[in-house]
Amino acid sequence: MNVPFSRRTLISPGKAREIAQACRAAEVGVAVFANPLTKHQRAVLGGMFGCFVISGEDLFALGR
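The rules we used
- For every chain, the first residue of the written sequence is number 1, and numbering continues from 1 along that sequence.
- Residues qualify for local features only when their pLDDT is at least 70, as the model is predicted, and side-chain atom pairs are given and counted only at 80 or more; totals for whole chains, interfaces and linings, by contrast, use all residues.
- The side-chain numbers reported here are obtained from all heavy atoms of the structure, hydrogens and water having been left aside.
- Pairing of aromatic rings covers Phe, Tyr and Trp, the last through its six-membered ring, and needs centres within 6.5 Å; plane angles under 30 degrees mean stacked, over 60 mean edge-to-face, and all others mean tilted.
- Numbering goes from the N terminus for both helices and strands, where a helix is a DSSP run of H or I of at least four residues and a strand is a run of E of at least two.
- Fitting a line to C-alpha atoms yields each axis, with helices limited to the stretch in contact; the angle taken between N-to-C directions then spans 0 to 180 degrees.
- Roughly parallel covers angles under 35 degrees, roughly antiparallel covers those over 145, roughly perpendicular covers 65 to 115, and oblique covers all other angles.
- Contacts are assigned to residue pairs that have any heavy atoms within 4.5 Å of one another.
- Exposure classes here rest on a 1.4 Å probe applied to the protein chains alone. A residue is buried below 20% of its type maximum, exposed above 50%, and partly exposed in between.
- Pairing between strands requires that DSSP locate at least two bridges from one strand to the other.
- Viewed with both strands pointing away, a crossover whose connecting path from the first strand over the helix to the second turns clockwise is right-handed.
- Any carboxyl oxygen of Asp or Glu that lies within 4 Å of a side-chain nitrogen of Lys or Arg is treated as forming a salt bridge with it.

**Focus: the packing of aromatic side chains**
For step 1, the next point in the chain: Under the defined criterion, the tally for this structure stands at one aromatic pair.
For step 2, the next point in the chain: On the numbers, 6.3 Å between centres and 15° between planes, the contact of Phe33 with Phe49 is stacked. In this pair, Phe33 sits in strand E1 (residues 30-33) while Phe49 sits in helix H2 (residues 39-49), placing the two residues 16 residues apart along the sequence.

This is the structure we're talking about:
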């Protein structure tokens, strides 16, 4: 936890790269974050991960 979180991605740059590699290797279709994400964070992470990125609150909104 030495590297600060990025406002662009909500996670550290190294962790974002690690998750992106895992998502691409596993051909993930959707990555879900428990934390709320801004529209910009979803777009940046989606581009990095190669899949849709949503937050837990997005899932809650779908269930209404």
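**Things to note about the packing of helix H1 (residues 13-25) against H2**
For step 1, the next point in the chain: At a closest axis distance of 8 Å, the pairing of H1 and H2 adopts a crossing angle of 55°. In terms of orientation, H1 and H2 fall into the oblique class. Residues Ala16, Arg17, Ile19, Ala20, Cys23 and Arg24 of H1 pack against Gly47, Met48 and Phe49 of H2.

**Focus on the pairing of E1**
For step 1, the next point in the chain: Side-chain alternation along E1 places Ala31 and Phe33 on a buried face and Val30 and Val32 on a face that remains uncovered.
For step 2, the next point in the chain: In this sheet, strand E2 (residues 52-55) lies alongside E1 in parallel orientation, the contact comprising four bridges. Opposite Phe33, over in E2, you have Ser55 as the bridge partner.
For step 3, the next point in the chain: In this view, the connection linking E1 to its parallel neighbour E2 by way of H2 has right-handed handedness.

**Looking at unusual backbone geometry**
Negative phi characterises most residues that are not glycine, and trans characterises most peptide bonds.
For step 1, the next point in the chain: The phi angle at Glu27 is positive, at roughly 50°, despite the residue not being glycine.
For step 2, the next point in the chain: Of note, Glu27 is situated in the loop between H1 and E1.
For step 3, the next point in the chain: We classify Glu27 as exposed; its relative accessible area is 71%.

**Some details on the pattern of salt bridges**
For step 1, the next point in the chain: All chains considered together, the criterion is met by two salt bridges.
For step 2, the next point in the chain: Across the salt bridge formed by Lys15 and Glu18, the nearest N and O atoms sit 3.3 Å from each other. Of this pair, Lys15 and Glu18 both sit in helix H1, three residues apart, roughly one helical turn.
For step 3, the next point in the chain: You can call Lys15 partly exposed: its relative accessible area is 37%.
For step 4, the next point in the chain: Relative accessible area serves as the criterion here: at 47%, Glu18 is assigned to the partly exposed category.
For step 5, the next point in the chain: For Asp58, the salt bridge identified is with Arg42, shortest N-O distance 3.4 Å. Taken together, the positions of Asp58 in helix H3 (residues 56-62) and Arg42 in helix H2 put the pair 16 residues apart, joining distant regions of the chain.
For step 6, the next point in the chain: You can call Arg42 partly exposed: its relative accessible area is 24%.

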